[in-house]
Amino acid sequence: MTRLRISDAARFLGVSDDTVRRWVADGRLSQLKDASNRAVVEGSELAALAQSSAGALPDPSGVVSSSRNRFAGLVTDVSIDGVMAQVSMQCGPFRVVSLMSAEACRQLELEPGSLATASVKATMVSIDTVPGS
């Protein structure tokens, strides 16, 4: 089983070490000791907590879709160069970047502060791990 130090758990969840310690005190996470007698939490518990507490923004489009790879968020940057545009969005904790035609960007009236939904379709997703974690 993967076990993470309190500071690492906090970093992965985007909260403070004290918040993780409160969650341990409240019983939301179990605390164990590692071989060096440091406080650790089970990676599987942390993953379950992260998934159950993940807050997605509501999709502003109102579109009902079978696609599960949709991320609602705010447009943070638009860069148009000739016939292409790069649109950056902040979707919860995730940054999503799209390359599209400048024409499409203008038609969608995308600008910083716009609400939008990114739909992602990939033919391959690669996952890497750190050995020994």
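What counts and how
- Residues numbered from 1 in each chain as written.
- Predicted model: local features only at pLDDT ≥ 70, side-chain atom pairs only at ≥ 80, totals over all residues.
- Heavy atoms only, no water.
- Salt bridge = Lys/Arg side-chain N within 4 Å of Asp/Glu carboxyl O.
- Helix = DSSP H or I, 4+ residues; strand = E, 2+ residues; numbered from the N terminus.
- Pairing = 2+ DSSP bridges.
- Axes fitted to C-alpha atoms, helices over the stretch in contact; angles between N-to-C directions.
- Contact = heavy atoms within 4.5 Å.

Asks: Tell me about the pattern of salt bridges, and name the residues and values.
Replies: Counted according to the given criterion, the structure contains four salt bridges. Between D8 and R11 there is a salt bridge; the shortest N-O distance is 3.3 Å. Placement of the pair is D8 and R11 together in helix α1 (residues 6–13), with a separation of three residues, close to one helical turn. As a salt-bridge pair, R38 and D34 come within 3.0 Å of each other at their nearest N and O atoms.

Asks: Lay out the pairing of strand β6 (residues 94–101) in plain terms, naming residues and giving numbers.
Replies: Note that strand β5 (residues 84–91) and β6 share eight bridges and pair antiparallel. By the bridge assignment for β6, M84 is matched with S101. Counting the residues between successive antiparallel strands, the hairpin from β5 to β6 contains two residues, one of them, G92, with a positive phi of roughly 65 degrees.

Asks: I'd love a proper account of the sheet that holds strand β2 (residues 31–33), names of residues and values included.
Replies: Pairing is antiparallel in the open sheet, where three strands are placed in the order β1-β3-β2. Of all the strands in the sheet, the pair left with one neighbour each is β1 (3–5) and β2. Strand-to-strand twist in this sheet, taken as the mean axis angle between neighbours without regard to direction, amounts to 50 degrees. When β2 meets strand β3 (residues 39–42), the two strands line up antiparallel, connected through three bridges. Residue K33 lies in a different strand from β3, and its bridge partner there is A39. Sheet strands touched by α1: β1, β2 and β3. Its angle to β1, the strand with the most contacts, is close to 90 degrees.

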